[in-house]
Amino acid sequence: MTGSPIYREHHPKWLRPRMSTWWWLEKWAFVKFILRELSSVFVAWFVVYLLLLFRAVRDGDGAYQNFLAFSANPIVLTVNVVTLFFVVFHALTWFALAPRAMVVHIGKKKVPPFLIGVGNYGGWIMVSAGIFWFLLR
Amino acid sequence: MADRITMQVSRYRPEIESDAQFEEFEVPCPKDWVVLDGLNYVKDQVDGTLSYRWSCRMGVCGSCGMMVNGEPKLTCATFLSDYAPGPVKVEPLRNFPVVRDLVVEIGDFMRKLVSVKPWIIRKEEKPISQGEYLQTPDELDEYKQYSMCINCMLCYSACPVYGLDPGFIGPAAIALAQRYNLDSRDEGAAERQEILSQHEGIWGCTFVGECTEVCPKHVDPAGAIQRYKLTAATDYMKSFILPRGRKADEAKPV
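Residues numbered from 1 in each chain as written. Chains lettered and ligands numbered in written order. Predicted model: local features only at pLDDT ≥ 70, side-chain atom pairs only at ≥ 80, totals over all residues.

Asker: Just checking my understanding: could you explain the domain arrangement of chain B for this structure?
Answerer: Residue and element names in this part refer to chain B. Domain boundaries assigned for chain B yield domain 1 (4-104) and domain 2 (107-251). A straight line from the C-alpha centre of domain 1 to that of domain 2 covers 32 Å. Residue assignment for the side of domain 1 that touches domain 2 shows that the elements contributing at least two residues are strand 3 (65-68) and strand 4 (71-74). Among the elements that line the side of domain 1 that touches domain 2, the one with the most residues is strand 4, at three residues. When its residues are assigned to classes, the side of domain 1 that touches domain 2 shows seven nonpolar, four polar and two charged. (Domains from an automatic or database assignment. Helix = DSSP H or I, 4+ residues; strand = E, 2+ residues; numbered from the N terminus. Nonpolar A, V, L, I, M, F, W, Y, C, P; charged D, E, K, R; others polar.)

Asker: Would you explain the domain arrangement of chain A in this entry?
Answerer: Accessible area lost upon the coming together of the parts is a frequently used measure of interface size. For chain A, the domain assignment lists domain 1 (22-89) and domain 2 (102-137). For domain 1 of chain A versus domain 2 of chain A, the distance between C-alpha centres works out to 25 Å.

Asker: Help me understand the interface of chain A and chain B, please; the structure alone is not making it clear to me.
Answerer: Contact residues are listed per partner, giving 23 residues for chain A and 29 residues for chain B. Of all elements in the fold, only helix 1 (28-58) and helix 3 (74-101) of chain A reach the threshold of two or more residues within the side of chain A that touches chain B. Broken down by element, the side of chain A that touches chain B gets its largest block of residues, four residues, from helix 1 of chain A. Among the residues forming the side of chain A that touches chain B, the class breakdown is 15 nonpolar, three polar and five charged. (Contact = placed C-beta atoms within 7 Å.)

Asker: Which parts of the structure should I look at to understand the nonpolar core?
Answerer: All names here are of chain B. Counting 67 residues, the largest nonpolar core has Val90, Cys155, Ile174 and Leu176 as its most contacted members. Looking at this core, the element that brings in the most residues is helix 6 (residues 171-181), giving seven residues. Viewed by domain, this core spans two of them, domain 1 (4-104) and domain 2 (107-251), each represented by three or more residues. Here isoleucine 174 is in contact with Ile169, Leu196, Ile202, Pro221, Ala224, Ile225 and Tyr228, once residues within four sequence places are set aside. (Core = buried A, V, L, I, M, F, W, Y, C linked by C-beta atoms within 7 Å. Buried ≥ 20, exposed ≤ 12 C-beta atoms within 10 Å, placed from the backbone.)

Spelled out as structure tokens, the structure:
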């Protein structure tokens, strides 16, 4: 027997176990979920970094050189490498979700989910190639 | 293979205990015994006070869901021999209040299920003399997967969002709402949208995806929720463009 229970006839006391703060460490699927949530912070940093780059380009050569020096700082470099990992992770999980959220019909036929995925990856590659072409031409 | 296996069964008897504790039972472990057989053995041969729910023994009624070694499972479809040499830990479904031993309180789920109106809604019923509402095989395929839900609540037990926020409508109720939304005979999508589009409806879901992993009927509630998010977002955008009168009609899912 444990504790001192309070028992009311015909109205038993329900047990309400509390969820541990560390529930997300219980299995890899939960850890992956938390990492995906965390990736939003890095996506936000990536946007801020990109805006800083645009501002530096707008403000002329001196500002751009300062931005390059800032980017070469080991701390910024480390943050950006981690950011790259999280942004790619975020994109991959997003593309994995898309075929389940999008159900596309052509006429009366349903487009197979893997084709939705292929379309997303295809779009990603094409946009990336377009940006590369624009920057390196 | 061992001919017996140890089951560690969670016991909670509110008249004598203030917290749950494990009790060990040694049960036979033939190849064809499922976890539920082990519990039935304990109840019949060892301790008749052990309380748990079960009914059909064939994965249809959805009554015997429990945590088996930390995973939500239908105990009638989970073989003891898969856990040999043991022990097998059996606990009540997580995220629900425990009434006694392995019996959980399911009132919250039942109320949420009803709130999404899981039945066919017609704006106007046609007279019986006009015959049945016909449906093509393609139209049936649109919702058939979601109609497989047996209300076993394993998805609620697997969902950390429901564990952290009991106000969340939850995976099965949303999947069942989609089952009717996608039915060509139904005209109630706009009524359900009021419930589903709340913060504690679809937007509460953060797509952990475990509900789909544990579903014994391959319903894919996580997919149903993400699909409805797209519908709701599209509908929200349409509400800016389309004349007011058409908004309700546009709630039909994509």
